[in-house]
Amino acid sequence: SRFHPVDRQTGYLLPPSVDEWLPEDHLARFIVEVVDGLDISALEKATKVGVARRITFSVVVVLVYGYANGVFSSRKIERATYDSVAFRFIAAGTHPDHDTLATFRRRFLDEL
């Protein structure tokens, strides 16, 4: 037979790395690098203390990547952090909910 058997039940020996699934020249990597180089300290100060850098960076990079790909809906962006390898990579294992994304966008529209 030309068909290969498919086994969806066997787990990985080691957890898979999303980093390995994304090509080196992918747009998502470029956007993460660019946003990482930006001074977003004003946004961090305006958000909750303690988790500001992680949440702020995650939301900014997810929104920027969404816009770069023509995805503007907060709900679609949230869903993509579960479904898309690129969005999973840029969100780094987080899944900002659509309300957080919409509120952040409304509050920091000029900065974005």
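Caption draft 1: Representation of the side chain of Ser58. Following the sequence through the fold, Ser58 ends up in helix α4 (residues 52-68). A distance of 2.7 Å separates polar atoms of two side chains, one belonging to Ser58 and the other to Thr94. Residue contacts for Ser58: discarding those within four places in its chain leaves Ala91, Thr94 and Pro96.

Caption draft 2: The arrangement of the pattern of salt bridges in detail. For the structure shown, the criterion picks out three salt bridges. Asp19 serves as the salt-bridge partner of Arg29, at 2.7 Å between the closest nitrogen and oxygen. In this pair, Arg29 is assigned in helix α2 (residues 27-37) and Asp19 in helix α1 (residues 18-21), connecting sequence segments 10 residues apart. What makes Arg29 buried here is its relative accessible area of 14%. Taking the shortest distance from any N to any O, the salt bridge between Arg29 and Glu24 comes out at 3.9 Å. Look at the salt bridges and you will find they share partners, linking Asp19, Glu24 and Arg29 into a network.

Caption draft 3: Spotlight on the packing of helix α5 (residues 74-83) against helix α7 (residues 98-107). Taken N-terminus to C-terminus, the directions of α5 and α7 make an angle of 130°; their axes are 8 Å apart at the nearest point. Taken as axis vectors, α5 and α7 run oblique relative to one another. Here α5 and α7 pass one another in a crossing that is right-handed. Contacts from Ser74, Arg75, Ile77 and Glu78 in α5 reach His98, Leu101, Ala102 and Arg105 in α7. Residue composition of the contact of α5 with α7, grouped by class: three nonpolar, two polar and three charged.

About the criteria used
Residues numbered from 1 in each chain as written. Predicted model: local features only at pLDDT ≥ 70, side-chain atom pairs only at ≥ 80, totals over all residues. Heavy atoms only, no water. Helix = DSSP H or I, 4+ residues; strand = E, 2+ residues; numbered from the N terminus. Polar contact = N/O pair within 3.5 Å; in protein donor to acceptor, adjacent residues only side chain to side chain. Contact = heavy atoms within 4.5 Å. Salt bridge = Lys/Arg side-chain N within 4 Å of Asp/Glu carboxyl O. Buried < 20%, exposed > 50% of the residue type's maximum accessible area, 1.4 Å probe, protein only. Axes fitted to C-alpha atoms, helices over the stretch in contact; angles between N-to-C directions. Parallel < 35°, antiparallel > 145°, perpendicular 65-115°, else oblique. Left-handed = near helix turned anticlockwise from the far one by under 90°. Nonpolar A, V, L, I, M, F, W, Y, C, P; charged D, E, K, R; others polar.

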